Each structure stands twice: as structure tokens, then as C-alpha cells.
Amino acid sequence: MEKRGEEYLSFPRRALFDKLGMRTMVVETDPFGNFLNQGYEFASARDWARLGNLYLQNGVWNGERILPEGFVKFVSTLAPAWVADHNPVYGGFFWINGDGSYPVPRNAYFMSGAGGQKTMIIPSHDLVVVRLGHYKGLNEGMKSFKKALALVMEAVPPSK
């Protein structure tokens, strides 16, 4: 990026967050200034929903392609190593509901962060569900999240 004359630390804001209207996102860096991108990003539920909707819309936002063509398919498709292990839960950087551990269709995929944070993308229902949480009470929070997802699946019919 710097070879192209672009500022590394402000790139995600300019190229993604500002375009989606995300105003609260904080992406942590390591001591050398490299983005971590491993579940320690912080944002409001509304901003996580915006990011989930970008994926729901196949990487296009307000008519502009933000994510490369095929990237949504990449993140939502089971990774080869996980196929080999017969463990259908991880794609390209995103988790997949391939084992049915969540009461949503198996084609659902999600971002998962610290403390049980989830941004669940459910394409069959044209739906994004966000859960914010904390390490304290994580187990009970996840039980409640699964119950809430089951209720949402009853209430929201599949999209056409």
C-alpha cells in the first residue's frame, strides 16, 4: 500500500468503513503497527450489521463493488483442510454453520470475535444477526443467542 502512496493505517477507514457508513470501528494493531484482524475489532452492533450486509449483498454496496468478485463465495465456502478433517465449520476467514451447531440454515456463515461476538449472515433469509457480548456470562449468552436465532428463524420466512 505504501508503495502505491497510500497510508496503511487509514486505508480500512477510507476503502471500507467510510463507504459503509461505519463510524465506530476500531481495528487493533500489534506493537509494530500491523493490523491484527483476529477477532479484536470493536464496533457498534449497527456497524457490524453494515459489514454483514456488505457480505449479504455479495460485496456490493450502493451499486459499488467493495469486495473483489468471488470473495463472498471464498469466505462462505468450507476450507479444504476442514473438508479433509470432516469438520465443516470454517471457510476463508469466516466460520460456517456446516455442522448445524446454530439453529439457522447450514449455508449461514459468520464472523466470530472475542467474548462471543457474532455477525451471522443468513443468505437464505436475506438476514444479518449481530450479537455483542462479554467474556463474563459467555456460556449463558450463547445459549440465549441460539434460542433467539431459533425464534428469528420461525419469524422470518426464507427470501425468494
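All values reported here derive from a predicted model rather than from experimental measurement.

Definitions and limits used
Every chain is numbered independently, its residues counted from 1 as its sequence is written. Local features in a predicted model are, by the rule used here, given only for residues with pLDDT of at least 70; side-chain atom pairs are given and counted only at 80 or more, and totals for whole chains, interfaces and linings are based on all residues. Excluded from the side-chain calculations are hydrogens and water; all other atoms, namely the structure's heavy atoms, are used. Helix and strand assignments follow DSSP, with helices taken as H or I runs no shorter than four residues and strands as E runs no shorter than two, numbered in order from the N terminus. Between buried and exposed lies partly exposed: a residue is buried under 20% and exposed over 50% of the maximum accessible area for its type, with that area taken using a 1.4 Å probe on protein chains only. We call two residues contacting when some pair of their heavy atoms lies within 4.5 Å.

Engineer: Before we go on, may I ask you to explain the environment of Phe 17 in this structure?
Structural biologist: Structurally, Phe 17 can be placed in helix H1 (residues 11-20). When its relative accessible area of 7% is taken as the criterion, Phe 17 is described as buried. When the C-alpha atoms of Phe 17 and Ser 112 are compared, they prove to be 18 Å apart, with 95 residues separating the residues in sequence. Not counting the four nearest positions on each side in its chain, Phe 17 is found in contact with Pro 12, Met 22, Arg 23, Met 25 and Val 27.

Engineer: Explanation requested: the side chain of Asp 47 in the structure shown.
Structural biologist: Of note, Asp 47 is situated in helix H2 (residues 45-56). When its relative accessible area of 2% is taken as the criterion, Asp 47 is described as buried. Excluding anything up to four places from it in sequence, Asp 47 contacts Gly 21, Met 22, Arg 23, Thr 24 and Met 25.

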